[in-house]
Amino acid sequence: MAFTDKDPHNAAEILRVVGLGLRIERRRALGKPVKALENRVERIRKDAQKREDAKDAARRK
């Protein structure tokens, strides 16, 4: 279930994205690579959007 009407993420996904964001910023400050963490965030976002799009399509039928 989406956390808000405007955002496709549920509460667990929001927490994961925020946690990964914190890790990304910490690693950037240390000069370490962050691409893998950014990819994880993007995958979470895509999965959430795909799930909400499927729910919307099912509601329309």
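Before reading further, recall that the structure is shown in the block above.
From a predicted model like this one, the values you see are computed outputs, not experimental measurements.

A. Quick peek at the packing of helix H1 (residues 11-29) against helix H2 (residues 35-60). It is at 9 Å that the axes of H1 and H2 come closest, and there the two elements cross at 160 degrees. It follows from the interaxial angle that H1 and H2 lie roughly antiparallel. Between H1 and H2 lies a crossing whose hand is left-handed. Only Leu37, Glu38, Arg40, Val41, Ile44, Arg45, Ala48 and Arg51 of H2 make contact with H1, whose side of the interface consists of Glu13, Arg16, Val17, Leu20, Arg23, Ile24, Arg27 and Arg28.

B. Structural view of H1. In this model H1 runs 27 Å from its N-terminal to its C-terminal C-alpha over 19 residues, within 8% of the 27 Å that 1.5 Å per residue would give. Here H1 has its buried residues at Glu13, Val17, Leu20 and Ile24. The arc enclosing the buried residues of H1, seen along the axis, measures out at 70 degrees, which places them on a common side. Opposite the packed face of H1, turned more than 90 degrees from it, sit the exposed residues Leu15, Leu22, Arg26 and Ala29. Against H2 lie the buried residues of H1. Looking at where H1 begins, the residue whose side-chain oxygen comes 3.2 Å from the main-chain nitrogen of Ala12 is Asn10. At the exit of H1 stands Gly31, carrying a positive phi of roughly 80 degrees.

So, how was this worked out
Residues numbered from 1 in each chain as written. Predicted model: local features only at pLDDT ≥ 70, side-chain atom pairs only at ≥ 80, totals over all residues. Heavy atoms only, no water. Axes fitted to C-alpha atoms, helices over the stretch in contact; angles between N-to-C directions. Helix = DSSP H or I, 4+ residues; strand = E, 2+ residues; numbered from the N terminus. Parallel < 35°, antiparallel > 145°, perpendicular 65-115°, else oblique. Left-handed = near helix turned anticlockwise from the far one by under 90°. Contact = heavy atoms within 4.5 Å. Expected span 1.5 Å × (residues − 1). Buried < 20%, exposed > 50% of the residue type's maximum accessible area, 1.4 Å probe, protein only. Arc of directions from axis to C-beta. Polar contact = N/O pair within 3.5 Å; in protein donor to acceptor, adjacent residues only side chain to side chain.

Take it as geometry only, folks, not as evidence of what the structure does.
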